[in-house]
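Tertiary structure, described
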Number of protein chains: 2
Amino acid sequence: MIPTRNVNIIFRRKMIGDVIKIPIRLSTSFQRSVCPKEPTKPSVHLPFPGPKSQELFKELNQIQQAESVQLFADYDKSIGNYLVDVDGNVLLDLYTQISSLPLGYNHPKLLKIFSDDHKIRTLINRPALGVYPGEDYPRMLKNVLLKVAPPQMSNVVTMMCGACSNENAMKHMFISYQRKIRGNDTDYTETEMKTSITNLPPGCPELSILSFYESFHGRTLGALSVTHSKAIHKLDFPAFDWPIAHFPKYKYPLNENMCENDKEDDRCLAEVEELIEKYRKKGKPVAGIIVEPIQAEGGDNEASPIFFQKLQLIAKQNSASLLIDEVQTGCGVTGKMWCHEYFNLPTPPDLVTFSKKMQVGGYYHTAEMKPSLSYRIFNTWMGDPGKLLILEEVLNVMQQEKLIENVNKVGKKLMNELFHLQYEFPSVINSVRGRGTFLAFNAADSKMRQKLILKLQELGINIGVCGERSIRLRPALTFQERQASMFLDALRGAITLVLA
Amino acid sequence: MIPTRNVNIIFRRKMIGDVIKIPIRLSTSFQRSVCPKEPTKPSVHLPFPGPKSQELFKELNQIQQAESVQLFADYDKSIGNYLVDVDGNVLLDLYTQISSLPLGYNHPKLLKIFSDDHKIRTLINRPALGVYPGEDYPRMLKNVLLKVAPPQMSNVVTMMCGACSNENAMKHMFISYQRKIRGNDTDYTETEMKTSITNLPPGCPELSILSFYESFHGRTLGALSVTHSKAIHKLDFPAFDWPIAHFPKYKYPLNENMCENDKEDDRCLAEVEELIEKYRKKGKPVAGIIVEPIQAEGGDNEASPIFFQKLQLIAKQNSASLLIDEVQTGCGVTGKMWCHEYFNLPTPPDLVTFSKKMQVGGYYHTAEMKPSLSYRIFNTWMGDPGKLLILEEVLNVMQQEKLIENVNKVGKKLMNELFHLQYEFPSVINSVRGRGTFLAFNAADSKMRQKLILKLQELGINIGVCGERSIRLRPALTFQERQASMFLDALRGAITLVLA
């Protein structure tokens, strides 16, 4: 038996011969071979995925396990908020490459980045940044990454993806913890040095990282040891015995369940304290806590600002660092550059990781966290200046087009209308929640969710799922009110079809 | 006390006020502001690093721990085999961004890649390849990565870097091992699914990976658990208790020590078998073996084809997979596309990882290793099509310019002359070894190595170190005989200076 997976059954569904009626035809505005403007609406031919995707799937599946593939895209034709596939289907995209595409497809400003000779050279002369950075690297860090740094975070390290950002940020917490114990991070004993080579304490001490149930922090073995969202991610892989606390599970709507939700915060925080004590006694002290501001993959689970304030306090009281994983919540999508800015923490978190929409992975950290020695946090590339060039332009566009304001405006509209829908159709959807356009709701159960997702797909909406029965909205920052209306109409349509 | 580190003491050296005489001036051919051709020779102004690098270092070191930085490069001016820095120093580069730059700097063919509109769109519309690959993705895998696949390896998975390639290849081995035990990798029990969420067996079984002393496989926590080259990589970080065997330590020259080296193979292989048995009894069975064809970071330690043939046999006899890590040895640098092709293995290894010169990370695997379910090996991006475009052109150039032939020709010359030097100066260097231009020699001790490296630097040679006292050659595939002569002259010069 295998757990509920994301909607990766599409090709199998086709194979067993489902036939679905065609709901919408290609809009005429899109039938030109070149499409500089967004189409006016989505359009899907059935069967979906179409014959070309089916053919390419067979080809790819001979080269690698490819059953997670939903369609083959035409990235030359995809435009703005619309993902166009090889069969000419045009999907309004509320999933945006697992939430990693900040400005939608083929933004005209991004298309121009690499018309500059210096930038082409930056792409093809990829340096080992830890040893031979280019002349403009400090400036790029300052003008790009530090320009949007979380308040009072002055240091930044670049990486390649979310998982390795979390892996290295955890290493950073171990260094910091041992420095507090030892009094420094330079004078290692001969015994420490010898045992470290053989994976044994004291060189490789039995420290732990506290994480939360339903968390997702990546798929490498360290990141996976703090990930607890789905069995399919973890089965067969050895993991560290590290403490796992419950993350608050709120009752919705929030304003009708405040008292109960406060108690839920306290229950979870008490467990955090108990686990820290338990693992101290067990000889595996907690060096750091890793937490998402909103648990994304695990079901878009929120926690209150007070929860995070108290969590930070507990970390401090126990000499543990606090790492906030903003890989999915960062880059403006919640209506602030970083979601944890909503929490009004009295001092900044010790580390904040990023990736996805930020193009490059990495993490911010406070000045106090800086290791004394080089080569502690290190790898061949240490990020990628080519990705920083894209991020630079993404941030320019975000400023010029006031995209964070846009997220707040469109998010408010989406939230309001989703609230109405949940009151109108309580047997189908509930628990509308989120910030900015980083929104989600629950289907009544996982079967209902699957029906909704398939109906939405027929109506030309590409959207993601998370947790056991949640549907998550992850549109680009450029998602407009008119597209929000289109999505809401489609959702209403899908609900009606499901109830019919 | 801190272990011997790479040559990251340069800035500190400057700070304590060393003064070094200027050996060579900028060659006139290079003083033009645009430099379409390689300079005729290297040139270094002292003090090195120069004032501009010093200034930029201060700036960068305020943003991140930057003491591993050796210089700031000018990647617009760097050309071919020459790395040019911001102070106008021109270094003949035998380290090539920690062995990650296949064609040197600003190869004219690579400069042209992104003049194509489709390719620019591929860069800025970065897909989640596991869900929405582009139309040309199967073709790219076939025409680029599979075109140079190791013999009989038909499957390939792309990743981002060497560490995450090894992490995921190890996960692949765990899946395969459990499949053999369970009979399938689809029917997980409820208990397995529940316990996997909490990091506990049977869902997260206590399996292990066998690795070798002096190995280097990356810096994330899983990859670090199979890495044993330097304490500075591992101190303070928890690690899995997994078996570590000794890798052969040969006596040089090989043809004078065959009998002893054969015994060394047998000693190490016997230890592998003992450790597999020991960890089976300990309840942590070995699911796979990870090994470099030549241990690079750990000291350019070689092992014989027979060692690898027997190692593969032991793996098979114990239901363990064999993963050959070609992150540093791959892409033609040893004189074959993949170094393990020298080993004449009767059947292909189960997995072969790559990254660095290949631009994109990933691994080849045999058809039998393919997991039955999707989402087992998965992450947001699953590689980067933009990097595949660069690799495509790299492989074209390698074919057009017959670069593997070039590597063999230049490697032979280097090897011959290094042999002469070691016989001429046995008190300074010894143990010349390697394949293709992937060569190394030992200095008499680590102090002697440090002196040689600094002298070589003054003479305009950028070169790397590995192990305790080795110097490693890692030129680009385009490194020519005339540059080899220049390096050999400089090395002779450095040895003479050190002996003076």
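If you're wondering where the values come from, they're calculated on a predicted model, not measured in any experiment. (Residues numbered from 1 in each chain as written. Chains lettered and ligands numbered in written order. Predicted model: local features only at pLDDT ≥ 70, side-chain atom pairs only at ≥ 80, totals over all residues. Heavy atoms only, no water.)

**Digging into the confidence of the model for chain A**
Residues and elements named next belong to chain A. Residues at a pLDDT of 70 or more form 93% of chain A, whose mean pLDDT is 93. Note that residues 1-35 has pLDDT below 50 and, in this model, 89 contacts with residues that lie over four places away or in other chains. Across the interface, the model reports ipTM at 0.93; the global pTM reads 0.93. (pLDDT = per-residue confidence, 0-100. Contact = heavy atoms within 4.5 Å.)

**Notes on the packing of aromatic side chains**
All names here are of chain A. Tallied over the full model, the rule gives 27 aromatic pairs over all chains. On the basis of an interplanar angle of 45° and a centroid distance of 6.2 Å, the ring pair of Trp338 and Phe354 is categorised as tilted. Of the two residues, Trp338 is situated in the loop between strand 9 (321-325) and strand 10 (351-354) and Phe354 in strand 10; the sequence distance between them amounts to 16 residues. Across the pair, exposure class does not vary: Trp338 and Phe354 are buried alike. (Phe/Tyr/Trp six-rings, centres within 6.5 Å; stacked < 30°, edge-to-face > 60°. Helix = DSSP H or I, 4+ residues; strand = E, 2+ residues; numbered from the N terminus. Buried < 20%, exposed > 50% of the residue type's maximum accessible area, 1.4 Å probe, protein only.)

**With respect to the pattern of salt bridges**
All chains considered together, the criterion is met by 43 salt bridges over all chains. Residues Glu206(A) and Lys284(A) are paired through a salt bridge, measuring 4.0 Å at the closest nitrogen-oxygen approach. You can see Glu206(A) sitting in the loop between helix 8 (190-197) and strand 4 (208-212) and its partner Lys284(A) sitting in the loop between helix 11 (258-281) and strand 6 (286-291), a full 78 residues away along the chain. Look at Lys284(A) and you get buried, because its relative accessible area is 18%. For Glu214(B), the salt bridge identified is with Lys249(B), shortest N-O distance 3.3 Å. With Glu214(B) in the loop between strand 4 (208-212) and helix 9 (221-225) and Lys249(B) in the loop between strand 5 (244-245) and helix 11 (258-281), the pair connects residues that are 35 residues apart, well separated along the chain. Under the relative-accessibility criterion, Glu214(B) is labelled partly exposed at 22%. Taking the relative accessible area as the measure of exposure, Lys249(B) reaches 51% and is therefore exposed. (Salt bridge = Lys/Arg side-chain N within 4 Å of Asp/Glu carboxyl O.)

**Here's the deal with the state of the cysteines**
Applying the stated criterion across every chain yields a total of zero disulfides over all chains. Sulfur of Cys259(A): no disulfide; nearest cysteine sulfur belongs to Cys268(A) and is 15 Å away. (Disulfide = S-S within 2.5 Å.)

**A few points about unusual backbone geometry**
Residue Leu46(A) is joined to Pro47(A) through a cis peptide bond whose omega torsion reads 0°. Residue Pro202(A) follows Pro201(A) across a cis peptide bond; omega there is 5°. At Asn106(B), a position not held by glycine, the phi torsion is positive, near 50°. One can find Asn106(B) in the loop between helix 3 (96-99) and helix 4 (108-112). The class for Asn106(B) is buried, based on a relative accessible area of 3%.

**A look at the interface of chain B and chain A**
Each side of the interface is counted separately: chain B has 128 residues, and chain A has 127 residues. Buried surface at the junction of chain B and chain A, summed over both partners, amounts to about 12200 Å²; 60% is from carbon and sulfur atoms. Ranking the residues of chain B by area buried against chain A places Tyr132(B), Asp236(B) and Tyr375(B) at the top, with a combined share of 7%. Here chain B is connected to chain A by eight salt bridges. Across the contact surface, chain B and chain A share 71 residue pairs in polar contact (both at pLDDT 80 or more). (Buried area = accessible area lost by both parts, 1.4 Å probe. Polar contact = N/O pair within 3.5 Å; in protein donor to acceptor, adjacent residues only side chain to side chain.)

**Quick look at the pairing of strand 13 (residues 438-443) of chain A**
Residues and elements named next belong to chain A. The buried fraction of strand 13 amounts to six of the six residues, a majority that puts the element mostly inside the structure. Relative to strand 13, strand 12 (residues 429-435) is paired through five bridges, and the arrangement is antiparallel. Looking at strand 13, one finds that Arg433 is bridged to Ala440. Following strand 12, the chain reverses through two residues before pairing antiparallel with strand 13; Gly436 in that reversal takes a positive phi of roughly 60°. Across four bridges, the pairing between strand 13 and strand 16 (residues 470-473) is antiparallel. Bridge pairing in strand 16 links Leu439 to Leu473. (Pairing = 2+ DSSP bridges.)

**A look at the nonpolar core**
By size, the foremost hydrophobic cluster in this structure holds 208 residues, and its most contacted members are Tyr364(A) and Tyr364(B). In terms of nonpolar packing, the next biggest core, distinct from the first, is built from 37 residues, Phe425(A), Phe441(A), Leu452(A) and Phe479(A) among them. (Core = buried A, V, L, I, M, F, W, Y, C linked by side-chain atoms within 4.5 Å.)

**Observations concerning the relation of the copies chain B and chain A**
Superposing chain B onto chain A takes a rotation of 180° plus a shift of 0.0 Å along the axis, which leaves an RMSD of 0.0 Å. Here the two chains are linked by the operation of a two-fold rotation axis. Most of the interface of chain B is mirrored in chain A, where 99% of its interface residues are also at the interface. (Least-squares fit on C-alpha atoms with pLDDT ≥ 70 in both.)

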